[in-house]
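Observations on chain architecture
Chain by chain, the residues:
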Amino acid sequence: MCEIMRSLMIISLLCYWVYMATHSHKSSISVSSQSTEGTLFVNGTAAIGFIDDDFVCATIDWWPPQKCDYGTCSWGSASLLNLDLDNAILLNAIKAFSPLKIRLGGTLQDKVIYQTEESQQPSTSFLKDGSELFGFTQGYLPMSRWDQLNIFFNKTGAVVIFGLNALRGRTINSQGAAVGAWNSSNAESLIRYTVKRGYRIHGWELGNELSGNGVGTRVAAGQYASDTKSLQSIVQNVYAGFEAKPQVLAPGGFFDENWFTEFIHKTPQSLQVVTHHIYNLGPGSAGDLIQKILDPSVLDGISQTFKSLQSLLEKSNTPAVAWVGESGGAYNSGHNLVTNAFVFSFWYLDQLGMSASYDTKTYCRQTLIGGNYGLLDTNTFVPNPDYYSALLWHRLMGNKVLSTSFPGTKKLRAYAHCSKKTQGITVLLINLDSNTKVQVRVSTESPGRLSYLNFQGLRGSKGSQNVREEYHLTAKDGDLHSKVMLLNGKALSVDSSGNIPALEPITVGSSDPITVAPFSIVFVHIPSIIVPACK
C-alpha cells in the first residue's frame, strides 16, 4: 500500500509539473517577481536608418473561405473579393492611421485575371482544386469590385500597393519552374482602367514569392528582371504627364542572396522598391511558437536577412529601397490565440524595431484582416492587440532611427527613434521575462561617460520638460493568449459605433526610472532629450 501511495504521489507531482510547464505563460507577472535595473544607451549623434512616414503597412489577401490549414478554415469573408467594405470598424481602423499603407496581394494574386471593359465576367472564381497550382483554380477581379475597393480606399485615405499576376503567359516545366516571358497585356489593361477612373495607386508590385526557390513555382532572376523592366515601361507610358508616378516594386519573395543580387544588378533603373517576405517562426501548427517569440536568440536570427539586403542595396548601383512586403510570423495562416493574441506583439514590435534599424522603409503585416494573424478579428472586425501596437508605433516613432544598447538582461529589447511630429525621442522597451521587472534609465552617451543630455533628460528642466509620457501595454488578466490589450491598465476596445479608442499616456516625472513590468511593452516619449540626429 505504501508503494502504491508513493507512486500516486510521484504521478501527482509529475502531473503538476507538466501542468505548470504548459501553463507557465498564462501569467504576465509572477507573484515572486524579481527586479533589476540598467541603463539604456541611445546614440543620438546620427540616425542609423530612415523609415517612411507610413512605415506601418498591412495586407489584404485573396484567399477565399475554402482556404484551410491544419484542419482549420480561418479566412472567412476577408478576401479582396468578399470583404465587407461597409463595416464601420474596418473603416475607422484604417482611418485612424491617417494614412495606413495597404498592400493588396498574396499567393493567389498570380492566378488572378482582371476583367477588362471588353470582356465578360466569369461565373466562378478560386474554386478549391488540389490538382491546381496553389490548390485553387483561376480567380477573377471584376471591374465593379475594383471600383468598390478604390472608393473605399479613397474614403479611408489608404495608401495602396497592388500586386500583379506575374505568372500570366508562363508555363511550368518538368522541374517546377515557371518559364517564358511575362504576358503584361492584362496587367496593362488594369493599370489603364485605373488611371482612366482617376484611382490613386502608390505602387504596382510584380508577383508573389516567385524568387529563389519560390513557393509553388519560381522564376529565374534574369527573366524576372526583364519582366520588371516591362512593368516599369508600362507605368512610365500610362502615367506619362503625371508629375508623381506609382512606384514599381518586386519581387515580393523570400530573400535569397544570389537570386536578389542578380535581380537587383539587372534592374538598376527600373525598380524603386525591393520587397521581401518574412515568416521566421515556422508553420502556424508549431507547438513551440510562444517559446520562439520569447526567445531573444530566435528574434535575433532574422537580423542577418535585414543586414544582407541592406548591404546588397548599398553596394549596388540602384536607388531602390527595402520593404518587408509581407510578414505574418508563422506561415499558413498563423495560430489562433497566439498570432492574434497579446503575446504576438512581442514579436511584431520587435520586428518593426529591428527592420527599421536596418533602414527598411516600410513593413507590411500579414494581414489587416484574415487568417489567424490579422490586426483585426476576421469575423467581428474588432482590433486584436497587434492593431493597437501598430497604431502606437505609427503615432509615436518618427522617421529617424537611433542606435541603442542595453548591457543588462537580454530579455529586454530596446529601440529608439526621434519622436514623430514632436520634440525629443521615443523609446520602445519590450520585456520578454515572465517574472523580472526592469528599472530603466536612459543615457545619450556611451557607457562610462558623463552625459549632459542624459542629465538634462533625467533631471528635467522647466515646464513640460519635467515630465515624459508612457504607454504601458499588458495582457488582460496576465494571459498572454488574451485578445484584449490593456493600455496603462485599461482595456482597449471599440465603442458601440465602432470608433477606435483614444490611446492616452500617463505622465511621469523625468527623474524617475522607467518601470517595465514582466511580460510588458512600454513606449516612452521623452521630450527633454534633444539629440543632434533629431534636430
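Right above here is the structure, for reference.
A brief structural summary.

What counts as what
- Residues numbered from 1 in each chain as written.
- Predicted model: local features only at pLDDT ≥ 70, side-chain atom pairs only at ≥ 80, totals over all residues.
- Heavy atoms only, no water.
- Helix = DSSP H or I, 4+ residues; strand = E, 2+ residues; numbered from the N terminus.
- Rg over C-alpha atoms; globule rule 2.2 N^0.38 Å.
- Contact = heavy atoms within 4.5 Å.
- Areas by Shrake-Rupley, 256 points an atom, 1.4 Å probe, with all protein chains shown as cover.
- Lys, Arg positive; Asp, Glu negative; His and termini not counted.
- Charge placed at Lys NZ, Arg CZ, Asp CG, Glu CD.
- Core = buried A, V, L, I, M, F, W, Y, C linked by side-chain atoms within 4.5 Å.
- Buried < 20%, exposed > 50% of the residue type's maximum accessible area, 1.4 Å probe, protein only.
- Pairing = 2+ DSSP bridges.
- Axes fitted to C-alpha atoms, helices over the stretch in contact; angles between N-to-C directions.
- Disulfide = S-S within 2.5 Å.
- Phe/Tyr/Trp six-rings, centres within 6.5 Å; stacked < 30°, edge-to-face > 60°.
- Parallel < 35°, antiparallel > 145°, perpendicular 65-115°, else oblique.
- Left-handed = near helix turned anticlockwise from the far one by under 90°.
- Nonpolar A, V, L, I, M, F, W, Y, C, P; charged D, E, K, R; others polar.

**Some details on the overall build of the chain**
Within the chain one finds twelve helices and 24 strands. In summary, the chain has a C-alpha radius of gyration of 24 Å against a globular reference of 24 Å for 535 residues, a match within 12%. Taking the principal axes of the C-alpha coordinates as reference, the chain spans close to 75 × 70 × 50 Å. Considering only intrachain contacts with a sequence separation of at least 6, the fraction spanning at least 24 residues in the chain is 77%. Put simply, the chain shows about 21900 Å² of open surface, and 51% of that area lies on carbon and sulfur atoms. Taking the average place of the 42 positive charges on the side chains of the chain and the average place of its 41 negative ones, the gap between the two points comes to 4 Å.

**Here we look at the nonpolar core**
Judged by nonpolar contacts, the single largest core of 130 residues is most densely connected at Trp146, Phe162, Trp204, Phe346, Tyr387, Trp393 and Phe523. The element that contributes the greatest number of residues to this core is helix H10 (residues 344-357), accounting for eight residues. The residues contacting Tyr387, other than those within four sequence positions of it, are Asn92, Ala93, Ala96, Phe97, Leu375, Leu376 and Ile500. Core analysis: the next-biggest nonpolar cluster, separate from the first, contains 22 residues, Leu429, Val440, Val524 and Ile526 among them.

**Things to note about the sheet that holds strand E14 (residues 362-365)**
Spatial strand order, E3-E4-E7-E10-E11-E12-E13-E14: eight strands in a closed barrel with parallel pairing. Neighbour to neighbour, the strand axes of the sheet diverge by 25 degrees on average, direction disregarded. In the sheet, strand E3 (residues 56-60) pairs with strand E4 (residues 101-104) via four bridges, with the strands oriented parallel. Note on E4: the bridge partner recorded for Ala58 is Ile102. Contacting E3, E4, strand E7 (159-164) and strand E10 (203-206), helix H3 (residues 143-156) crosses the sheet at an angle of about 165 degrees to E4. Helix-sheet contacts for helix H6 (residues 257-265) involve strand E11 (247-254) and strand E12 (273-278), and the interaxial angle to E11 is about 165 degrees.

**Side note on the state of the cysteines**
Under the definition given, this model contains three disulfides. The disulfide partner of Cys68 is Cys73, and the gap between their sulfur atoms is 1.9 Å. Judged by the sign of its S-S torsion, about 90 degrees, the cystine formed by Cys68 and Cys73 is right-handed. Look at Cys73 and you get partly exposed, because its relative accessible area is 47%. Here Cys418 engages in a disulfide with Cys534; their sulfurs sit 2.0 Å apart. In this structure the cystine formed by Cys418 and Cys534 twists about its S-S bond by roughly -90 degrees; its chirality is therefore left-handed. A residue pair is termed long-range when its members are at least 10 positions apart, and Cys418 in strand E16 (residues 412-419) and Cys534 in the segment after strand E24 (520-526) qualify at 116 residues. On the basis of relative accessible area, Cys418 is assigned to the buried category, the value being 6%.

**Things to note about the environment of Leu127**
With respect to the helices, strands and loops of the structure, Leu127 is situated in the loop between strand E5 (112-114) and strand E6 (139-141). On a C-alpha basis, the gap between Leu127 and Gln138 in space is 7.6 Å, while along the polypeptide they are eleven residues apart. With residues near it in sequence (within four places) discarded, Leu127 still touches Gly135, Phe136 and Thr137.

**Things to note about unusual backbone geometry**
With an omega of 10 degrees, the peptide bond running from Ser98 to Pro99 counts as cis. Structurally, Pro99 is set in the loop between helix H2 (88-95) and E4. Residue Gln366 is joined to Thr367 through a cis peptide bond whose omega torsion reads 10 degrees. Within the secondary structure, Thr367 sits in the loop between E14 and helix H11 (385-396). Tracing the chain through its elements places Ser98 in the loop between H2 and E4. For Asn332, which is not glycine, the phi torsion reads 65 degrees and is therefore positive. With respect to the element layout, Asn332 can be found in the loop between strand E13 (321-327) and H10.

**A closer look at the packing of aromatic side chains**
For the coordinates displayed, the defined rule picks out 23 aromatic pairs. Ring geometry for Phe346 versus Phe519: centroids 6.1 Å apart, planes at 40 degrees, classification tilted. Highlighted residues: Phe346 in helix H10 and Phe519 in the loop between strand E23 (514-516) and E24, separated in sequence by 173 residues. Classification of Phe519 as buried rests on a relative accessible area of 2%. Each member of the aromatic cluster is reached from another via a ring pair, and the members are Trp62, Tyr114, Phe126, Trp146, Phe162 and Trp204.

**Regarding the packing of H10 against H11**
Any two packed helices are characterised by how steeply their axes cross, that is the angle between the axes, and by the distance between the axes. The interhelical angle for the contact between H10 and H11, taken along N-to-C directions, is 30 degrees, at an axis separation of 9 Å. Taken together, the axes of H10 and H11 are roughly parallel relative to one another. Judged by the twist between their axes, the crossing of H10 over H11 is right-handed. Residue-level inspection shows Phe344, Ser345, Tyr348, Leu349, Leu352, Gly353 and Ala356 of H10 in contact with H11, the latter providing Pro385, Asp386, Ser389, Ala390 and Trp393.

**Considering the packing of helix H4 (residues 185-196) against helix H5 (residues 221-238)**
Running from N to C, H4 and H5 point in directions that differ by 25 degrees, and their axes come no closer than 11 Å. Between H4 and H5, the angle is such that the two are roughly parallel. Pair H4 / H5 crosses with right-handed handedness. Touching Glu188, Ile191, Arg192 and Val195 of H4 are Leu231, Ile234, Asn237 and Val238, all from H5. Here the residues of the contact of H4 with H5 sort into five nonpolar, one polar and two charged.

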